[in-house]
2 protein chains.
Amino acid sequence: MQKTVKHKPLILNKFFPYRFSILQQAISENIASVYTGEFDLSRHEWRILAILGEQSGLSAKQITLLTSLEKMQISRAINSMRSNELIKETVNIKDKRFTQLYLTDKGQKIYQILVPRVLNKEKELLTALSKDEQKKLNQLLDKLHQKATLLLE
Amino acid sequence: MQKTVKHKPLILNKFFPYRFSILQQAISENIASVYTGEFDLSRHEWRILAILGEQSGLSAKQITLLTSLEKMQISRAINSMRSNELIKETVNIKDKRFTQLYLTDKGQKIYQILVPRVLNKEKELLTALSKDEQKKLNQLLDKLHQKATLLLE
DNA sequence: TATTGTTATACTCTATAACTATA
DNA sequence: TATAGTTATAGAGTATAACAATA
């Protein structure tokens, strides 16, 4: 006689959130291999570099609104990037509480090198899918994201 | 005159790996809210509970093969679960290097309570998509996973 | 009083590798 | 020699909150 199962079984390998997490890890490692390899950035540093490369002069506060990073994570990452001379800053004259952050020449150079590599890695990953499939995937993930966020409230 | 951009710009919010990572975090928090809330399990502990609830008597080595956990992560999680009396163990008689792990009655009770809740949370998340869309999503993620793994080698 | 950003602290997680016991 | 599992240790990341400067 078999043990009575009172509920649907949970097979970890078929459990959507688990599978998603494993895939996320693989994707993340692919991208991280680009920015950790030669320039030894942390994930937070890489995100800040990406943001500031695109939009100069942001404050830490603005970066919190554009990324999932919190203010002390940013403060620490900035600290490290400052000592590696990737970032310089000025105080906002109109409101001295704000610091305006910029990439240094060195920071910009690294940014210019990394962006094509990272975009290329993204492209490589996505060659697994046709253009239509990529579009479909984005739609599905958007729906899922909306629901996941809703459920967290 | 505008600054010359020598490459395609990288907009973090539209960068697939970034979006994926944000979504993963939201999904993971949804599931974690179930197993951390009442029983205060860590993610590793939860995964081990899920595995052992399904298959009794596994060794730590076997668990490494069924999850993304490594042996010392398992060793530590087991340690904590042992002191919370969720797990008991016996030595394999044929090869004394192997430990066979089992849920205690208490561990099983928690397992029986958590599985329906966790599956329900998964279901809630997936209501964002139709059955067809869920199937499609799984196919697309599988393809992506294959590619991501391949690129890591 | 409220906000920006820094710092302190304690905690969790991770990675590497040395260690034991068994084979 | 090789394997299963434990332990030590240092580093990275996280969460909470107190803090200084400015508004």
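Preceding this paragraph is the structure being described.
Here is what the cut-offs are and how they apply
Residues numbered from 1 in each chain as written. Chains lettered and ligands numbered in written order. Predicted model: local features only at pLDDT ≥ 70, side-chain atom pairs only at ≥ 80, totals over all residues. Heavy atoms only, no water. Helix = DSSP H or I, 4+ residues; strand = E, 2+ residues; numbered from the N terminus. Polar contact = N/O pair within 3.5 Å; in protein donor to acceptor, adjacent residues only side chain to side chain. Contact = heavy atoms within 4.5 Å. Buried area = accessible area lost by both parts, 1.4 Å probe. Salt bridge = Lys/Arg side-chain N within 4 Å of Asp/Glu carboxyl O. 1 Å grid on protein atoms, 1.4 Å probe; cavity = no way out; pocket = protein on both sides within 12 Å on 5 of 7 lines; lining within 4 Å. Points joined across faces, edges and corners; volume = space filled by probe spheres on them. Nonpolar A, V, L, I, M, F, W, Y, C, P; charged D, E, K, R; others polar.

Trainee: What exactly am I supposed to notice about the side chain of Thr64 of chain B here?
Mentor: All names here are of chain B. Mapping Thr64 onto the fold places it in helix H3 (residues 60-66). A polar contact is formed between the side chain of Thr64 and the backbone oxygen of Lys61, at a distance of 2.4 Å. The contacts of Thr64, once residues within four sequence positions are left out, are Leu69, Glu70, Lys71 and Ile74.

Trainee: What is the right way to read the interface of chain B and chain A from this model?
Mentor: How big an interface is tends to be expressed through the accessible area that disappears when the partners come together. With 64 residues of chain B in contact, the opposing surface of chain A contributes 63 residues. Interface of chain B and chain A: buried area, both sides summed, is about 6,200 Å²; carbon and sulfur atoms make up 68% of it. Among the residues chain B hides against chain A, the three largest losses belong to His7, Leu10 and Phe16 of chain B. Together they make up 10% of the total. In this structure, the connection of chain B to chain A is made through 4 salt bridges.

Trainee: Got a minute to help me understand the layout of surface pockets in this structure?
Mentor: Over the atoms, a rolled probe matching the size of one water molecule traces out where space is still vacant. By volume, the largest pocket is sized at about 490 Å³. Lining the largest pocket we find 20 residues, and of these Lys8 and Lys14 of chain A together with Leu119, Glu122 and Leu126 of chain B sit closest to its centre. Elements with a minimum of two residues in the lining of the largest pocket: helix H1 (16-37) of chain A together with helix H5 (105-126) and helix H6 (131-152) of chain B. Taken together, the residues of the lining of the largest pocket sort by class into 9 nonpolar, 5 polar and 6 charged. Approximately 350 Å³ is the volume found for the second largest pocket. For the lining of the second largest pocket, the secondary-structure elements that each account for two or more residues are helix H5 (105-126) and helix H6 (131-152) of chain A together with helix H1 (16-37) of chain B. A per-element tally of the lining of the second largest pocket places H5 of chain A first, with 6 residues. Across the lining of the second largest pocket, the residue classes tally to 5 nonpolar, 4 polar and 6 charged.

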